[in-house]
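What the coordinates show
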Amino acid sequence: MTTFLISLIALIVGYFTYGRFIEKTFGIDESAKTPAIRLEDGVDFMPMSAWRIYMIQFMNIAGLGPIFGAIMGAMYGPVAFIWIVLGCIFAGAVHDFFSGMLSIRHDGASIPEVVGIYLGNGFKQFMRVFSVILLLLVGVVFILGPAKILTGLTGEFVSLGMFGTNEFWLLVIFAYYIAATMLPIDKIIGKIYPLFGATLLIMAGGLLVAMVYHRAPIANLTLDTLHNFHAKATTQPIYPMLFITIACGAISGFHATQSPLMARCITNERLGRRIFYGAMITEGIVALIWAAAAISFFGGTLELNNAMAEHGNNAAWAVKEICGSWMGKVGGILALLGVVACPITSGDTAFRSARLIIADFTRFNQKPVLNRLVISLPLFAVAWGVTRLQFGVIWRYFGFANQTLGTIILWMSAVYMIRNHRNHWVATIPAVFMTAVCSTYILIAPEGFGLSTTIAYPAGILVAAISVVLFFKKGKAAQ
């Protein structure tokens, strides 16, 4: 429990200290008029209150990652706490802050357009395609996950024809996604997200209270526990697998696609730290609680691994067991609904972001409803086809694509800082680390090249070193 409590305090202190340092280093301009004010269109550019934007941003980014990813990350042992804390404070929250603030500085532009400004046209074209593919994967993951949970809940009580089946819930979620993607941001997202956000926070708080009440054992990080507890440790080394498994809650490139949505609603740059950096810290806290809950509920990391192995490493099953046992039937249902709302409210904004990215590079005006339909319907048709694939396969590719996007955003941020003669190391250091992680992962992973760690480790470091050289070369040329 000591390690968990120290980690929790560290995240909160990180927001007030390092978050303020990042804000000062970036250099906010409180007098500048934001895109929400200058470009208000009643659809996507729309001023909102700070608390509402914060809750929407939190729900946008807090999908299945800080829950499912944290549970699967906990299988590696208490070392997961280190990654959540350090990754969140020094990489993830920095990534989210820069992606949001740079979008504000460039008229609320979607992230591929911002990347193009700082990394060149080649990266812009790549990011346009890559981001839309990632967002489709995110949308599908955040359809399949909640549909599976809802099927488990309703299937126990109702079995009338199609109602309660997985196909039924897939159709219901798709219908909601179409509405949320098409309507002005204040009609659905602006109204229900704060409520869902409160539900998720209450649910996380409930788990925290349950852990204390049940005096659940949470292993502390010591020399004896500082090793890989994963049941498949030989094929799942902590580096780089843990850093891909826990994305949301540490660092997630998906967040960069969401930040421009709120960059179009913020009324003053001084709100950036609270909304972008702060929402990420909040997500880190949620991930920390779920990782601790997974370890403590099953009686330890080894027991967690055994339980997950018996149920096909199904994180949705673990969520249902933890909530139902610790929080009672009513509390368990409420908690599960929070878990369902969490990914659904990230999935709909994933499709909304995809629509805006396509609209930005095609310069297709999104004020007319028909224009929104022209882009949205093909996206949903493709997504429906992808739902036919296995969830595990989609999740693995999503994990790599997600962290690769986050790495690109960190490099973009570093270029911005060096061009403006500011301390670029706040972005450069995490960018170098994540470059090594992603490079090593794709070399080791079965869906990648399947190489041994003997080859992959030095190769990953080499790729990171080459990236540093290219970065300084580009930065010097820009000065």
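So, here's what we can say about the structure.

With that settled, consider the overall build of the protein. Across its full length, the protein holds 19 helices and 0 strands. For the protein, buried positions account for 60% of its 479 residues. Taking as baseline every contact in the protein between residues at least 6 positions apart, the subset at least 24 positions apart corresponds to 84%. As displayed, the protein offers around 18100 Å² of accessible surface, 68% of which is attributable to carbon and sulfur atoms. Averaging the positions of the 31 positive and the 21 negative side-chain charges in the protein gives two centres separated by 6 Å.

For the α-helix, the turn length of 3.6 residues means that residues three or four positions removed from each other point alike. Taking 1.5 Å per residue, 26 residues should reach 38 Å; helix α13 (residues 272–297) reaches 37 Å between its end C-alpha atoms and fits that length. For α13, the principal kink sits at G278 and spans about 35 degrees. Taking burial as the measure, the 26 residues of α13 include 23 buried ones, the bulk of the element. Downstream of α13 by a residue or two, G299 has a phi angle that is positive, lying close to 90 degrees.

Take the nonpolar core next. Formed by 161 residues in total, the largest nonpolar core has its most connected members in F98, Y177, Y277, W290 and M412. By residue number, the principal contributor to this core is helix α15 (residues 315–362), which donates 17 residues.

Enumeration according to the criterion identifies 27 aromatic pairs in this entry. For R273, the ring lying beneath its charged end belongs to Y15, and the centroid distance is 4.8 Å.

Within this structure, the stated rule accounts for 6 salt bridges. Of the charged contacts in the structure, one is a salt bridge between R355 and D44, with a shortest N-O distance of 3.3 Å. Highlighted residues: R355 in helix α15 and D44 in the loop between α3 (35–38) and α4 (50–61), separated in sequence by 311 residues. One exposure class covers both R355 and D44, and it is buried.

Between its first and last C-alpha atoms helix α18 (residues 425–444) spans 28 Å; for 20 residues at 1.5 Å apiece the expected length is 28 Å, and the two agree. Within α18, 15 of the 20 residues are buried, which leaves it mostly tucked inside the rest of the structure.

In this section: unusual backbone geometry. The omega angle of the peptide bond from Y239 to P240 is 10 degrees, so this bond is cis rather than trans. Tracing the backbone shows P240 in helix α11 (residues 238–245). In this structure, D107 takes a positive phi of about 60 degrees despite not being glycine. Along the polypeptide, D107 turns up in the loop between α6 (79–105) and α7 (111–119). Overall, D107 belongs to the partly exposed group, its relative accessible area being 39%.

Inspection of the secondary structure puts A175 in helix α9 (residues 166–182). In this structure the C-alpha to C-alpha distance between A175 and V132, which are 43 residues apart in sequence, comes to 20 Å.

A few words on the environment of V94. The residue V94 is located in helix α6 in this model. Remark: the alpha-carbon pair of V94 and I251, spanning 157 residues in sequence, is separated by 9.0 Å.

Within the secondary structure, E23 sits in helix α2 (residues 18–26). Residue E23 is classed as buried on the basis of its relative accessible area of 13%. Residue contacts for E23: discarding those within four places in its chain leaves I28, F97, R270 and R273.

Moving on: the packing of helix α1 (residues 2–16) against α13. What describes two packed helices is the angle between their axes and the distance between those same axes. Contact geometry of α1 with α13 gives a least axis separation of 10 Å together with a crossing angle of 175 degrees. Judged by the angle between their axes, α1 and α13 are roughly antiparallel. Counting all contacts with α1, which are made through F4, S7, L8, L11, I12, G14, Y15 and F16, the residues of α13 involved are R273, R274, Y277, G278, I281, G284, I285, L288, I289 and A292. Class assignment of the residues belonging to the contact of α1 with α13 gives a composition of 12 nonpolar, 4 polar and 2 charged.

This part takes up the side chain of T435. By the secondary structure assignment, T435 is in helix α18. Taking the relative accessible area as the measure of exposure, T435 reaches 7% and is therefore buried. Looking at T435, its side chain comes within polar contact range of the side chain of W411, at 2.9 Å. Apart from residues lying up to four places away in sequence, T435 is in contact with T407, W411, V463, A464 and S467.

Two numbers describe how α4 lies on α13: the axes approach to 9 Å, and their chain directions differ by 50 degrees. Judged by the inter-axis angle, α4 sits oblique to α13. Every pair of crossing elements has a handedness; the one defined by α4 and α13 is right-handed. Contact with α4, carried on its side by A50, I53, Y54, Q57, F58 and I61, involves R274, I275, F276, G278, A279, M280, T282, E283 and V286 of α13 and no other residues of that element.

Rules and cut-offs
- Residues numbered from 1 in each chain as written.
- Predicted model: local features only at pLDDT ≥ 70, side-chain atom pairs only at ≥ 80, totals over all residues.
- Heavy atoms only, no water.
- Helix = DSSP H or I, 4+ residues; strand = E, 2+ residues; numbered from the N terminus.
- Buried < 20%, exposed > 50% of the residue type's maximum accessible area, 1.4 Å probe, protein only.
- Contact = heavy atoms within 4.5 Å.
- Areas by Shrake-Rupley, 256 points an atom, 1.4 Å probe, with all protein chains shown as cover.
- Lys, Arg positive; Asp, Glu negative; His and termini not counted.
- Charge placed at Lys NZ, Arg CZ, Asp CG, Glu CD.
- Expected span 1.5 Å × (residues − 1).
- Bend = angle between axes of the 7 residues up to and from the residue.
- Core = buried A, V, L, I, M, F, W, Y, C linked by side-chain atoms within 4.5 Å.
- Phe/Tyr/Trp six-rings, centres within 6.5 Å; stacked < 30°, edge-to-face > 60°.
- Lys NZ or Arg CZ within 6 Å of the ring centre and 35° of its normal.
- Salt bridge = Lys/Arg side-chain N within 4 Å of Asp/Glu carboxyl O.
- Axes fitted to C-alpha atoms, helices over the stretch in contact; angles between N-to-C directions.
- Parallel < 35°, antiparallel > 145°, perpendicular 65-115°, else oblique.
- Nonpolar A, V, L, I, M, F, W, Y, C, P; charged D, E, K, R; others polar.
- Polar contact = N/O pair within 3.5 Å; in protein donor to acceptor, adjacent residues only side chain to side chain.
- Left-handed = near helix turned anticlockwise from the far one by under 90°.

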